[in-house]
Amino acid sequence: MSKGKGPYSCGLDAAVDVVGGKWKPMILWALHDAGTLRFGELRRHVTGVSEKVLSQQVRELEADGVVHREVYGEVPPRVEYSLTDLGKALNTALLPLGEWGDRHMREIISRKHPELSKEAAVAAQ
């Protein structure tokens, strides 16, 4: 397990420990959406993340048993990442959260980034 705090007070506490952070849910979704990916492909799917942070986050997800890392003994070396069964189950649990975000995105943007919602309103006119 990565940097886990355990013991946990409830299941949500344990789940948030595994998936917490800005990039982990995006990494999980990219692997769910695209399947097995090499590191560079994964980085292109998770826009905005640095190589260092992506590497760290993937290592933590691997340590938690959510992501599988397959190293092939080839020259040049090839490494592929995919979801484990635990990772697939976690993505299934995250799906309703993503749907909630889709339904309420406008309201979230207007509250968290009012300057963006004003720009969008002007652009729509």
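Let me sum up the structure you'll find in this document.

Conventions adopted
- Residue indices follow the written sequence of each chain, beginning from 1 at its first position.
- Since the coordinates come from a predicted model, pLDDT governs what is reported: local features require at least 70, and pairs of side-chain atoms require 80 or more to be given and counted, while whole-chain, interface and lining totals use all residues.
- Side-chain figures throughout are based on the complete set of non-hydrogen atoms in the structure, without hydrogens or water.
- Any two strands between which DSSP finds at least two bridges are classified as paired.
- Only runs of H or I of at least four residues qualify as helices and only runs of E of at least two qualify as strands under DSSP, and these elements are numbered from the N terminus.
- Remark: exposure states derive from per-residue accessible area (1.4 Å probe, protein chains only) relative to the maximum for the residue type, with buried under 20%, exposed over 50%, and partly exposed in between.
- Any two residues whose heavy atoms approach within 4.5 Å at even a single point are treated as in contact.

**Topic: the sheet that holds strand E3 (residues 78-83)**
At step 1: In space, the 3 strands of this open sheet follow the order E1-E3-E2, with antiparallel pairing throughout. Each edge of the open sheet is held by one strand with a lone partner, namely strand E1 (37-38) and strand E2 (67-72).
At step 2: For E1 and E3, the ladder comprises 2 bridges, and the chain directions are antiparallel. Bridging across to E3, Leu 37 finds its partner in Tyr 81.

**Things to note about the environment of Gln 57**
At step 1: Turning to its location among the elements, Gln 57 is positioned in helix H4 (residues 51-63).
At step 2: With a relative accessible area of 10%, Gln 57 lands in the buried category.
At step 3: Beyond its immediate chain neighbours, meaning those up to four positions away, Gln 57 contacts Trp 23, Lys 24 and Ile 27.

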